[in-house]
Amino acid sequence: MPLLSVPKEVAVGTAMLGIAFATGVLAGKRYPSLVFGTPKSHKSLIAKNSPLWQYILDHSLREHPILKKLRLLTLEHPWGRMMVSCDEAQLMANLVKLIKAKKVIEIGVFTGYNALNMALVLPDNGRVIACDINEDYAKIGKPLWKEAGVEHKIDLRIKPAIQTLDELLASGEAETFDFAFIDADKESYNEYYEKCLRLIRKGGIIAIDNVLFGGNVLKPRKDDLAVQSIHRLNEKLLRDSRISISMLPMADGVTLAFKL
Ligand SMILES: C[S@@+](CC[C@H](N)C(=O)[O-])C[C@H]1O[C@@H](n2cnc3c(N)ncnc32)[C@H](O)[C@@H]1O
């Protein structure tokens, strides 16, 4: 199936978004973080239409059928490429299982592929605090959360993620979470990281997406605030004695920060 299949009813909107994106590209901004208030999609280090990518899927992906259904549905959305990479999501599910996580945070839900992915491996009393500012995206995934029988594990909070994280801290939930995935507006990554580090217990994991930003971190442009923000965080994490880290060349780059 094509990577992007645009329903007729959104064709006009998509054309406008395409023009906005093309304008950004022509202006040298390959990955503007916001176009008409919507975060842009990101590149994968291995092209999603390459034989090597297919090989990876064929030899490692064990995707729950309802998760697959949501992935295919999301790919039909004009912003489908914002969805987390399925191999990366599988790694997160494996980590969540490995550390026997019960409470996890998802910052940037979109249609809820990774929220569902994590909910599927959490125990029945486990919780995903799912943070997003756009409920329309989540409405696409919600029926599938229900179909998978894990809707009760996903606590969707529609407001700026910083606000949700502050509320969790204010309600005394510091050091009670096991895992967090940071995948929203790049300019706020440092704040997300600092707040998640307070919310996560020792031995917990923070996964940070898009840390290579299509390779743009090699030469961050001064006017590209998203890449600047990610690059600064990458430099900080290297020297951060509160964590140990691994930076993986998976998808668009993912850093795993293990709280010490
Ligand atoms: C890359 S997508 C997330 C993909 C998602 N993790 C998945 O499983 O497919 C980024 C999401 O961040 C959300 N977002 C952008 N700014 C935000 C903010 N300030 N607070 C919460 N969510 C935000 C967008 O609405 C979008 O749904």
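Residues numbered from 1 in each chain as written. Predicted model: local features only at pLDDT ≥ 70, side-chain atom pairs only at ≥ 80, totals over all residues.

Caption draft 1: Representation of the environment of Asp178 in the model. With respect to the helices, strands and loops of the structure, Asp178 is situated in strand β6 (residues 177-182). When sequence neighbours within four positions are dropped, the list of residues in contact with Asp178 reads Ile99, Ala101, Lys102, Lys103, Val104, Arg201 and Gly204. (Helix = DSSP H or I, 4+ residues; strand = E, 2+ residues; numbered from the N terminus. Contact = placed C-beta atoms within 7 Å.)

Caption draft 2: Looking closely at the site of the ligand. In the neighbourhood of the ligand, 19 residues make up the surrounding shell, with Gly108, Phe110, Asn114, Ala161 and Ala184 lying closest. Broken down by secondary-structure element, the contributors of at least two residues to the shell around the ligand are α5 (113-121) and β4 (127-132). (Near = placed C-beta within 6 Å.)

Caption draft 3: Spatial organisation of the sheet that holds strand β8 (residues 243-248). Taken in spatial order, the seven strands line up as β5-β4-β3-β6-β7-β9-β8 in an open sheet, and their pairing is mixed. The outermost strands of the open sheet, each flanked by one partner alone, are β5 (154-158) and β8. Each neighbouring strand pair of the sheet contributes to a mean axis angle of 15 degrees, computed without reference to strand direction. Examined bridge by bridge, strand β3 (residues 103-107) and β6 share four bridges and lie parallel to one another. (Pairing = 2+ DSSP bridges. Axes fitted to C-alpha atoms, helices over the stretch in contact; angles between N-to-C directions.)

Caption draft 4: Main features of the nonpolar core. Among the nonpolar cores identified, the biggest contains 62 residues, and Val104, Leu116, Ala180, Ile182 and Ile206 are the most heavily contacted of them. Here this core takes six residues from helix α4 (residues 86-98), the largest share from any one element. Aside from chain neighbours lying at most four places away, what touches Ile182 is Ile107, Tyr189, Tyr192, Tyr193, Cys196, Ile206, Ile208 and Asp209. (Core = buried A, V, L, I, M, F, W, Y, C linked by C-beta atoms within 7 Å. Buried ≥ 20, exposed ≤ 12 C-beta atoms within 10 Å, placed from the backbone.)

Any functional reading would require information that these geometric values do not contain.
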